Amino acid sequence: GLAAQQFHWVATNETGTVMAATTITTGGGQIFISRDGGATFTPSSAPDANWISLDMTPDGSRMVAVAFDGAMSPSTDTGATWTRIDQGINLTQSLPYESVTISDDGSRIVAVTLNGPAFFSTNANTATPTFTQSALAGSSAAFTDAFRAVDSSASGLTVVAASHNGALYISGDGGPTLAPPPAHRRRARGADGWYRTAISDDGTRIALAGNTDFGQGVDPAPRSTGLYVGNLAGGAWTWTRASAVAG
């Protein structure tokens with residue numbers, strides 16, 4: 001089996017036959033790939049980096065990974081080889097990436113950064129994808145936030161991004177514009193330190209998790225450890241708390 005590692009992220013294809021696990025270490029982590037349903041994992045050829053997030057298509061043939069203070073690299077051969085694609089937005093290979101998502105057909109990628117912008121591509125399945133900063137709805141200017149997580153629907157057109165400053169953003173156009181949902185869940189006693197989020201394949205249900213270790217500029221007491229669920233019906237989001245808040 002694998003030696004003890006500081007694993008940070010795991011992902012699997014729909015059938016569970018292809019899996020990936022990433023590590024973060026002082027000297028740079030690795031991406032480990034399994035093509036036998038998790039029976040064995042082997043280090044991939046991806047360069048050593050703090051691989052903080054990874055996503056893959058339903059069949060596992062296409063993957064994309066991002067490194068904190070590093071680069072974005074996809075694989076088009078089930079994790080066998082990796083090629084960097086973000087030179088146009090990350091010349092010095094030092095963006096503080098936090099999370100990445102890819103559409104089922106591999107054509108759309110959205111990545112978010114800590115205390116920085118979100119980036120999207122609509123031609124991610126080409127040899128030279130282009131990336132553009134997302135803009136806040138109602139403004140043509142790019143914006144930044146303490147992004148921690150991003151996910152997208154199967155088509156890649158509905159995107160959800162979460163910030164540890166308490167903000168939640170939803171995009172209905174695949175990433176060019178992000179906006180807080182009208183019924184945005186923000187606790188009355190302060191901003192929540194949102195840390196993880198996931199969205200259903202059809203883009204109508206969102207899970208949102210808080211973490212008391214995060215919440216920049218927020219007193220520790222109001223930070224949420226709660227799990228919330230959002231449901232889209234009739235064009236409006238409604239939010240319910242799925243777990244009690246600890247502390």
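See the structure above.
Residues numbered from 1 in each chain as written. Predicted model: local features only at pLDDT ≥ 70, side-chain atom pairs only at ≥ 80, totals over all residues. Heavy atoms only, no water.

Draft legend 1. Structural detail: the packing of aromatic side chains. Under the criterion given, the structure shown has six aromatic pairs. Each ring, one from Trp-194 and one from Tyr-228, has its centre 5.3 Å from the other, and the planes form 85°; the classification is edge-to-face. With a gap of 34 residues between them, Trp-194 in strand 17 (residues 194-199) and Tyr-228 in strand 19 (residues 227-233) connect regions that are remote in the sequence. Overall, Tyr-228 belongs to the buried group, its relative accessible area being 2%. Joined through ring pairs, the aromatic side chains of Phe-143, Phe-147 and Tyr-169 make up one cluster. (Phe/Tyr/Trp six-rings, centres within 6.5 Å; stacked < 30°, edge-to-face > 60°. Helix = DSSP H or I, 4+ residues; strand = E, 2+ residues; numbered from the N terminus. Buried < 20%, exposed > 50% of the residue type's maximum accessible area, 1.4 Å probe, protein only.)

Draft legend 2. Structural context of the sheet that holds strand 2 (residues 19-23). The antiparallel open sheet is built from four strands, whose spatial order is 1-2-3-4. With partners counted over all chains shown, the strands left at the sheet margins are strand 1 (7-12) and strand 4 (42-43), one partner each. (Pairing = 2+ DSSP bridges.)

Draft legend 3. Examining the sheet that holds strand 19 more closely. As summarised here, the arrangement of the four strands in space is 17-18-19-20, forming an open sheet in which the pairing is antiparallel. The open sheet terminates on both sides in strands that have one partner only, identified here as strand 17 and strand 20 (236-241). On average, each strand axis in the sheet is inclined to that of its neighbour by 20°, with strand direction left out of account. Where strand 19 meets strand 20, six bridges bridge the pair, whose relative direction is antiparallel. Across the sheet, Gly-230 pairs through a bridge with Trp-239, a residue of strand 20. (Axes fitted to C-alpha atoms, helices over the stretch in contact; angles between N-to-C directions.)

Draft legend 4. Molecular detail of the side chain of Asn-90. One can find Asn-90 in the loop between strand 7 (72-75) and strand 8 (95-102). The buried category is assigned to Asn-90, whose relative accessible area is 2%. For Asn-90, the side chain forms a polar contact with the main-chain nitrogen of Ser-94, separated by 2.9 Å. Beyond its immediate chain neighbours, meaning those up to four positions away, Asn-90 contacts Gly-70, Ala-71, Arg-84, Leu-95 and Tyr-97. (Polar contact = N/O pair within 3.5 Å; in protein donor to acceptor, adjacent residues only side chain to side chain. Contact = heavy atoms within 4.5 Å.)

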